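One-letter residues, chain by chain:
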Amino acid sequence: MSYTFLATAAFGLEGVAANELKRMNIPARAENGGARFEGTLLDGYRANLCLRTADRVLLVLAEEKVRTFEELFQLVSSIAWEKLLTRDASIHVSGKCVRSQLMSVRDCQSISKKAIVQRLMQKLRVNRLPETGVVYPIDIAIVNDLARITLDLSGDALNRRGYRTWNGEAPLRETLAAALVDLSPWRKGVRLYDPCCGTGTLLIETAIKAISRPAGIRRSFACEKYAFMPQAEMKALRAELTDSYDEQTDFQIAGSDINPEALELSRRHIKQAGFENRIQVKQQDLRTLQLDGEPGVFLINPPYGERLSDQKSARELYREIGLLLKRHPGWKLAVITADPAFERSFGKRASKKRRLYNGRLECEFYIYE
Ligand SMILES: C[S@@+](CC[C@H](N)C(=O)[O-])C[C@H]1O[C@@H](n2cnc3c(N)ncnc32)[C@H](O)[C@@H]1O
């Protein structure tokens, strides 16, 4: 049986997430808010285990225009909840209303919950639902009067790979870092260096890709507790994926940072991600960094100088990044920053550019090949 899923992704990363699914042989198309795909429940689970750039995998249960509470009630009632939820399911309904006739999120939530409970009680022939069991997070999103009812299969967002315990000053989200790796000129077998490595996110996300580790293999997902999911097949898929790659695959990934505290965090994260002694980081000012050996790719998320007081030093650092590249002939470079003056400070126009968002900050990803 085929189901519809939405792998939600940050604004600007929808296409990157769709491409990841395509590489997994799951046809997908990018749309506002994520990548949509059809497949079996096992495909939905595979997406959870493997996707590096998406935030969550949602099972789409219904989608239809609704303009009144009655229409919303009927739509939610039309879903075969008795096939999805158990008798003791804890039913958590979240919601949002954007540019729609139905404006009150709270009313939409309570009407939807009522519809679910009524249908369940009727179909299961009970007059009480204890809600003491597994949590099923159901979302009612109404945008331009189009209601989309989904069930979250992921639980914790997918960027929670399990290696980051504390966030540091300005860390990149793991999903954005993974997307930067995909969009950068780095390829498996090529050397990678991050001279502003901070808490180590870009290094770790590159290593995960370098060894082809399914990004979610070390964590659990909400759907592993859902009774309707094919539990035996899911266990087998997890085992198959665990055997599908080699943790010891060789790679050349290293980094440095000027800040010893950031380095301490990066070492902790590297260890927690299972790459201790394999990703080397050291304290080093990039202005004096000189690497020997074969050329590779510099992947950098430098300070953006958002505050006026920091802008000057950020721009000086961009000039230094330009000099760093000049000192390293044959190397390629990819830099993300929100500062529109980057190319001017750096001293050269990028060969490629791509608009991305780091949280709410509009950024540009500059590639020098
Ligand atoms: C935006 S943060 C990088 C965050 C990192 N991508 C992460 O996920 O944690 C920028 C980093 O550049 C470092 N930095 C600033 N000036 C530097 C310099 N001259 N040499 C090396 N690192 C520098 C800062 O210490 C900071 O950790």
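Just so it is clear, the structure is predicted and the values come from calculations on it, not from any experiment. (Residues numbered from 1 in each chain as written. Predicted model: local features only at pLDDT ≥ 70, side-chain atom pairs only at ≥ 80, totals over all residues.)

Here's the deal with the packing of helix α2 (residues 41-50) against helix α8 (residues 231-243)
- At their nearest, the axes of α2 and α8 sit 10 Å apart, and the two run at 40° to each other. Here α2 and α8 pass one another in a crossing that is right-handed. The residues of α8 that touch α2, namely those facing Leu-42, Tyr-45, Arg-46 and Leu-49, are Glu-233, Met-234, Leu-237, Arg-238 and Leu-241.
- Per-class residue counts for the contact of α2 with α8 are six nonpolar, no polar and three charged. (Axes fitted to C-alpha atoms, helices over the stretch in contact; angles between N-to-C directions. Helix = DSSP H or I, 4+ residues; strand = E, 2+ residues; numbered from the N terminus. Left-handed = near helix turned anticlockwise from the far one by under 90°. Contact = placed C-beta atoms within 7 Å. Nonpolar A, V, L, I, M, F, W, Y, C, P; charged D, E, K, R; others polar.)

Notes on the site of the ligand
- In the neighbourhood of the ligand, 21 residues make up the surrounding shell, with Cys-196, Gly-198, Thr-199, Thr-201 and Asn-259 lying closest.
- Residue classes in the shell around the ligand are distributed as twelve nonpolar, six polar and three charged. (Near = placed C-beta within 6 Å.)

Re the domain arrangement of the chain
- For the chain, the assigned domains read domain 1 (3-152) and domain 2 (174-211 + 246-368).
- Taking the mean C-alpha position of each, domain 1 and domain 2 sit 37 Å from one another.
- Counting from both sides, the interface comprises nine residues of domain 1 and, opposite them, eleven residues of domain 2. (Domains from an automatic or database assignment.)

Quick word on the pairing of strand β13 (residues 352-358)
- Where β13 lies against strand β14 (residues 361-368), seven bridges are found, and the strand directions are antiparallel. Each bridged residue has a counterpart across the sheet, and for Leu-356 the counterpart in β14 is Cys-363.
- In sequence, β13 turns back onto β14 through a hairpin of two residues, with Gly-359 there showing a positive phi of about 65°. (Pairing = 2+ DSSP bridges.)

Details of the sheet that holds strand β1 (residues 3-8)
- Strand order in the open sheet formed by seven strands is β2-β3-β1-β4-β7-β6-β5, and the pairing between neighbours is mixed. The sheet is open, and its two borders are formed by β2 (28-31) and β5 (90-98), each paired with just one other strand. With strand direction ignored, the average angle separating the axes of adjacent strands in the sheet is 30°.
- Relative to strand β3 (residues 34-39), β2 is paired through four bridges, and the arrangement is antiparallel. Pairing of Ala-30 across the sheet is with Ala-35, part of β3.
- Of the strands in this sheet, β1, β3 and β4 (56-65) are in contact with α2, which crosses β1 at around 10°.
- Relative to the sheet, helix α5 (residues 105-124) contacts β5 and β6 (135-143), its axis offset from that of β5 by approximately 140°.

Focus: the sheet that holds β13
- With mixed pairing, the seven strands of this open sheet are ordered in space as β10-β9-β8-β11-β12-β14-β13. With partners counted over all chains shown, the strands left at the sheet margins are β10 (280-283) and β13, one partner each. Within this sheet the neighbouring strands show an average axis-to-axis angle of 20°, counted without direction.

Some words on α5
- When the terminal C-alpha atoms of α5 are compared, their 28 Å separation across 20 residues agrees well with the 28 Å that a helix rising 1.5 Å per residue should span.
- Taken together, the buried positions of α5 are Cys-108, Ile-111, Ser-112, Ala-115 and Ile-116. Buried positions in α5, seen along its axis, are confined to an arc of 135° and lie on one side of it.
- The inward-facing, buried residues of α5 contact α3 (69-77), α4 (81-84), β5 and β6.
- In the segment just after α5, Arg-125 is the residue with positive phi, at about 55°. (Expected span 1.5 Å × (residues − 1). Buried ≥ 20, exposed ≤ 12 C-beta atoms within 10 Å, placed from the backbone. Arc of directions from axis to C-beta.)

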